[in-house]
Every structure is written in C-alpha cells, then in structure tokens.
Amino acid sequence: CRMPSRLLRISIVLLGVLCWTSMTSRAADTCGLRPPSEDPHPADMNADGEVTTEEFVQYAAESGKEKVSEKMDKDGDGTVTTEEFVEFAQGQAAGPVDLTAENFDEMTNGANAAFVEFMAPWCGHCQAMAPAWEELAVKVHTEHSGVRIGTVNCDEQKEFCELFQIQGFPTLLLMKDPSAFEDAAPVLYQKQRDAPTMLQFLHDEKVLAPAA
C-alpha cells in the first residue's frame with residue numbers, strides 16, 4: 001500500500017521534533033523500544049522461561065477478570081452493582097480511542113486536535129500512566145468537544161510508530177488542527193503524567209472547548 005502523502009509529511013516534520021532524543025540518553029521515566037528480555041513474563045506460570053499457549057490463556061483469563069472486576073467495583077465492597085456497571089460501561093465508551101495506521105485519519109480528522117499516546121503493553125511506565133490516561137480521556141471526551149484522546153500500540157503498529165520517529169515509551173504528542181497536521185509540528189508533551197497536569201496542558205495549548 002502506498003503511504004498517504006499527509007502522513008509522509010508528518011514524518012518529515014517529526015524528524016525535527018524528535019531527533020534530539022537520539023542524541024541524549026533516554027529519560028529515566030520512559031521505556032526503550034524493546035521489552036527487557038531479562039524480565040520474566042507474568043504468564044510464565046511455571047517459571048521455565050517459556051510461555052505456552054495454555055499458560056497464556058490462563059493468565060489472560062485470570063488477569064482480565066481481576067482487572068475488570070476491580071474497575072467495576074468502585075466502592076471496593078466485593079460486589080458490582082447495576083450503577084457501578086453502568087458507570088464502568090460509560091467510562092469504557094468515553095475512554096482512549098485505539099488508533100492504527102488504517103483508522104488514524106478517520107478518527108482524528110473530525111477533531112480540532114488529537115492528544116496521542118504511543119505505547120507498548122510491556123512498558124512499565126505505560127502501565128503506570130494507564131489509569132491517568134483513562135481518566136483524562138473520559139473527562140475530555142465527556143466534558144469537552146473537538147479533542148480526541150488516542151492510543152497507538154507500537155507492538156502492533158511498528159511501522160506506523162516508526163513513521164512518527166518514536167524513540168521511547170510512552171511518547172505523548174499533541175497534534176493541533178488535523179487539517180494541517182502535515183504543515184505544523186506536533187507538540188511533544190514532557191510534563192508529569194497525571195490527569196490534572198495533562199488536562200492543564202491541553203488548556204494551556206488552547207485546544208479544549210466545552211462539550212456541545
């Protein structure tokens with residue numbers, strides 16, 4: 001497939017924005033582009049250095065149930081009420097949008113700006129900021145209009161992340177005015193990765209508007 005010209009021009013602009021990262025040591029609060037091979041995978045149930053299909057299925061099922069139930073059970077009483085389930089479902093609908101090379105234009109062209117996280121599932125720093133990113137997305141998507149909060153999984157979208165010259169995870173880029181992405185360099189976010197600070201950053205960049 002031929003790369004869209006708009007995305008090609010984005011990558012050229014990003015060369016100037018992110019090239020400094022290759023000349024400096026990686027920040028202590030970012031992960032490299034490859035998972036640390038010395039760390040055992042949590043799905044390796046018998047700690048033999050290999051993850052079988054059975055182990056992975058068991059791990060996914062158990063961790064999935066635990067994480068979902070914890071998120072649903074807001075008051076921590078061990079049960080999920082109808083109200084808690086509805087609130088959880090609404091939050092899921094308003095959370096970060098999964099972005100890919102195929103849907104990027106479609107999911108961002110209708111917005112005045114897009115705040116995008118480039119991440120990897122194995123990255124500890126990405127995992128640590130996940131709750132804050134979710135909180136930010138829900139707040140922005142429900143209380144403001146014109147801004148899309150999205151996530152790109154660079155394990156699944158390697159070529160797409162290379163296009164944006166991603167040097168470490170997570171990398172957060174604010175792209176203003178989707179109709180002119182190719183003509184203006186994205187803003188690289190370099191502040192604290194908590195929801196209030198990231199929300200204030202969007203206010204400071206004057207991209208937020210009240211929800212219609």
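Definitions and cut-offs
- Residues numbered from 1 in each chain as written.
- Predicted model: local features only at pLDDT ≥ 70, side-chain atom pairs only at ≥ 80, totals over all residues.
- Heavy atoms only, no water.
- Helix = DSSP H or I, 4+ residues; strand = E, 2+ residues; numbered from the N terminus.
- Pairing = 2+ DSSP bridges.
- Contact = heavy atoms within 4.5 Å.
- Axes fitted to C-alpha atoms, helices over the stretch in contact; angles between N-to-C directions.
- Salt bridge = Lys/Arg side-chain N within 4 Å of Asp/Glu carboxyl O.
- Buried < 20%, exposed > 50% of the residue type's maximum accessible area, 1.4 Å probe, protein only.
- Disulfide = S-S within 2.5 Å.

Within the element layout of this structure, His144 appears in strand β3 (residues 144–145). With 63 residues separating them in the primary sequence, His144 and Val207 have C-alpha atoms 9.7 Å apart.

Taken in spatial order, the five strands of this open sheet run β1-β4-β2-β5-β6, and their pairing is mixed. A strand with exactly one partner marks an edge of an open sheet, and here the two such strands are β1 (97–98) and β6 (187–188). Pairing of strand β2 (residues 113–119) with strand β4 (residues 147–153) involves seven bridges; the strand directions are parallel. In the strand pairing of β4, Ala114 is matched with Arg148. Against the sheet, helix α5 (residues 124–143) touches β1, β2, β4 and β5 (171–176), its axis set at about 155 degrees to β4.

Moving on: the pattern of salt bridges. For the structure on display, the rule yields two salt bridges. Across the salt bridge formed by Lys139 and Glu143, the nearest N and O atoms sit 3.0 Å from each other. You can see Lys139 and its partner Glu143 sitting in helix α5, four residues apart, about one turn around the helix. Notably, a salt bridge pairs Glu205 with Lys176, separated by 2.6 Å at the nearest N-O pair. One end of the pair, Glu205, is in the loop between α7 (195–204) and β7 (209–210); the other, Lys176, is in strand β5, and 29 residues separate them in sequence. A residue is classified by how much of its surface remains accessible, and Glu205, at 24% relative accessible area, is partly exposed. Take Lys176: its relative accessible area is 34%, and that puts it in the partly exposed class.

With that settled, consider the state of the cysteines. Enumeration over the complete set of coordinates arrives at one disulfide. Each disulfide pairs two cysteine sulfurs, and for Cys154 the partner residue is Cys161, the sulfurs being separated by 2.0 Å. Judged by the sign of its S-S torsion, about -90 degrees, the cystine formed by Cys154 and Cys161 is left-handed. Under the relative-accessibility criterion, Cys154 is labelled buried at 4%. Residue class for Cys161 comes out buried when judged on its relative accessible area of 5%. Cys123 supplies the cysteine sulfur nearest to Cys126, a cysteine that is in no disulfide, at a spacing of 3.1 Å.

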